Amino acid sequence: MRVKLERPICFFDLETNGAKVGKDRIVEIAILKVNTDNQESHKVWRINPEMEISFQATNVHGITNEMVKDEPNFKHYAKEIILPDFLDQ
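Residues numbered from 1 in each chain as written. Predicted model: local features only at pLDDT ≥ 70, side-chain atom pairs only at ≥ 80, totals over all residues. Heavy atoms only, no water.

(A) Looking closely at the environment of Ala-30. By the element assignment, Ala-30 lies in strand β2 (residues 26–34). Considered as a pair, Ala-30 and Glu-40 are 10 residues apart in the sequence and their alpha carbons are 13 Å apart. In contact with Ala-30, not counting residues within four places along its chain, are Phe-11, Phe-12, Asp-13, Lys-43 and Val-44. (Helix = DSSP H or I, 4+ residues; strand = E, 2+ residues; numbered from the N terminus. Contact = heavy atoms within 4.5 Å.)

(B) Highlighting unusual backbone geometry. In the Ramachandran plot, Asn-38 falls in the positive-phi region, its phi being about 70° despite a non-glycine side chain. When you line up the elements, Asn-38 lands in the loop between β2 and β3 (40–46). Although it is not a glycine, Glu-50 adopts a positive phi angle of roughly 60°. Of note, Glu-50 is situated in the loop between β3 and α1 (55–61). A relative accessible area of 52% means that Glu-50 is categorised as exposed. (Buried < 20%, exposed > 50% of the residue type's maximum accessible area, 1.4 Å probe, protein only.)

What follows is the structure in structure tokens.
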């Protein structure tokens, strides 16, 4: 579906290790940017939450403890996520 945009729009998708706000942590962040010409760009970061991913959360998003054990933590990616280069395109 093509949408007439006056400004670019970004969509964010967060996957976490549980559903308790303030306690649980992000394990994956995805951003999709749609420009005014409908060109799309996207970026995905896998993040080590530095705590266990619950069995229930893994059943929802499919991300396991093994998949993130060697990934950097959120602090490592924070500046890149806040100001991702691909959003300037």
